[in-house]
Amino acid sequence: MINIIARVFIVASSHSWFSIWIGLELNTLSILPILCGQFTPRGVESTIKYFLVQAFRAAMVLNVALVQLWLCSSWSINCPLKDFRSVVLTLALCLKLGLFPCHYWFPDVIQGLSFLQGLLLSTWQKIAPFIILVSVCNILRIKILTVLGCLSVLAGGWGGLNQSQIRKIMAFSSISHLGWICRVLSYSWYISCVMFLVYIILSRRIFLINKEVGLFNLSCLGRLMYHKNITGIILILIILSLGGLPPLTGFLKKFVALECLLSKKLLAPCVILIIGRLLRLFFYLRISFKSVLCLFPQHSMMLFSWRRAKKSFIKVKTYTAILSILARIRILGLVLMPVSWCYY
């Protein structure tokens, strides 16, 4: 875990393509033992898929770096990129982030991992490529990045409609959120960084709650509210905030993003983003309705997956108290809305 954290700082402090490539490769190799730590057939399969995808991405980045060295006689990331090299580098970063059209591997890999491994793959492993994207967004083709961002929002919203597995729903949610972030990145890196930070915080809470109560599919949500109603209410609030329902914090970041795009008179991309957001909000509301409306009578002696875990009373109470405090902060998202007006 220390190696994974250190490799991200190597990428963040690098100013040459060679050191960036080294940092990304060390980051990938450091996480492989964590992904296959349980050594289950599904986990090993997901680890191999992740390794093959990242190996192909590394080859693309290295080729772009070598061509830059050949033409510009420099490893610097500030050297301008021509059209073809810009497209190849954009696709390589999309492959690392799981953006459209390189997103097909991400839901399958997340589904085969545990919640903690999926949390690590959905949040921390995306920090390094996002830093690279922020660093080189001025020399990339803006039109390609913006189009891929809009298509990622639609792909993430459409792909999550027919899913019943919680981890796959979170994977498509990640694709959609990163599409929003990449769409705004071309016009305001500050807003994109804030949106990325909010996405990490919200995703972390959902993965941790699902790991605590053992939620693997939508059929378990009704039983969650029946036995742990406080945790269920916290989960619903975080899910609705992730979907962008006002007045939660998830709505605030989308409001700021739309305000930024409308200030540039980009009406058509805003319509596409809103359509993708409505698609994603639909399956978020479906999760919330299944949690609240499925309170059918059940016997109190029935054994569920979260009852098999032996945890101390103090630990569970402390964890629930922390989550409840964080959920209350979500409700106060509109309090920070005047802060966003200072940047226009």
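Going by the structure above, here's the rest.
Let me begin by describing the structure that accompanies this report. Just so it is clear, the model here is predicted, and its values are computed rather than measured.

### Some words on the pattern of salt bridges
In total, this model carries 4 salt bridges according to the counting rule given. In this structure, Glu25 and Arg57 form a salt bridge, with 3.5 Å as the shortest nitrogen-oxygen distance. Of the two residues, Glu25 is situated in helix 2 (residues 17-35) and Arg57 in helix 3 (residues 41-72); the sequence distance between them amounts to 32 residues. Note on accessibility: Glu25 and Arg57 belong to one class, buried. A salt bridge links Arg42 to Glu45; its shortest N-O distance comes to 3.9 Å. Highlighted residues: Arg42 and Glu45, both in helix 3, separated by 3 residues, approximately one helical turn.

### Structural notes on the packing of aromatic side chains
A full pass over the atoms with the stated rule returns 10 aromatic pairs. Ring plane angle 80° and centroid distance 5.4 Å describe the contact between Trp105 and Phe106, whose orientation is recorded as edge-to-face. Looking at Trp105, the relative accessible area reads 10%, which means it is buried. Look at Trp189 and Tyr190: their rings are 6.3 Å apart centre to centre, the planes differ by 85°, and that puts the pair in the edge-to-face class. Looking at Tyr190, the relative accessible area reads 36%, which means it is partly exposed. When the ring centre of Phe115 is taken as reference, the NZ or CZ atom of Arg167 above it lies at 5.5 Å. When the ring centre of Trp180 is taken as reference, the NZ or CZ atom of Lys254 above it lies at 5.8 Å.

### Examining the packing of helix 10 (residues 189-213) against helix 13 (residues 249-263)
Closest axis-to-axis distance for the helix 10/helix 13 pair is 10 Å, and the angle between their directions is 160°. Between helix 10 and helix 13, the angle falls in the class roughly antiparallel. At the point where helix 10 passes helix 13, the crossing takes the left-handed sense. Between helix 10, through Ile191, Met195, Val198, Tyr199 and Leu202, and helix 13, the contact on the second element is made entirely by Thr249, Gly250, Lys253, Val256, Ala257 and Cys260. For the contact of helix 10 with helix 13, the residue count by class is 8 nonpolar, 2 polar and 1 charged.

### Comments concerning helix 6 (residues 115-122)
Here helix 6 lies mainly inside the structure; 7 of its 8 residues are buried. Every buried residue of helix 6 is accounted for by Phe115, Gln117, Gly118, Leu119, Leu120, Leu121 and Ser122. Those residues of helix 6 hidden inside the fold are in contact with helix 1 (2-12), helix 2, helix 3, helix 5 (105-111), helix 9 (166-185) and helix 10.

Cut-offs applied
- Residues numbered from 1 in each chain as written.
- Predicted model: local features only at pLDDT ≥ 70, side-chain atom pairs only at ≥ 80, totals over all residues.
- Heavy atoms only, no water.
- Salt bridge = Lys/Arg side-chain N within 4 Å of Asp/Glu carboxyl O.
- Helix = DSSP H or I, 4+ residues; strand = E, 2+ residues; numbered from the N terminus.
- Buried < 20%, exposed > 50% of the residue type's maximum accessible area, 1.4 Å probe, protein only.
- Phe/Tyr/Trp six-rings, centres within 6.5 Å; stacked < 30°, edge-to-face > 60°.
- Lys NZ or Arg CZ within 6 Å of the ring centre and 35° of its normal.
- Axes fitted to C-alpha atoms, helices over the stretch in contact; angles between N-to-C directions.
- Parallel < 35°, antiparallel > 145°, perpendicular 65-115°, else oblique.
- Left-handed = near helix turned anticlockwise from the far one by under 90°.
- Contact = heavy atoms within 4.5 Å.
- Nonpolar A, V, L, I, M, F, W, Y, C, P; charged D, E, K, R; others polar.

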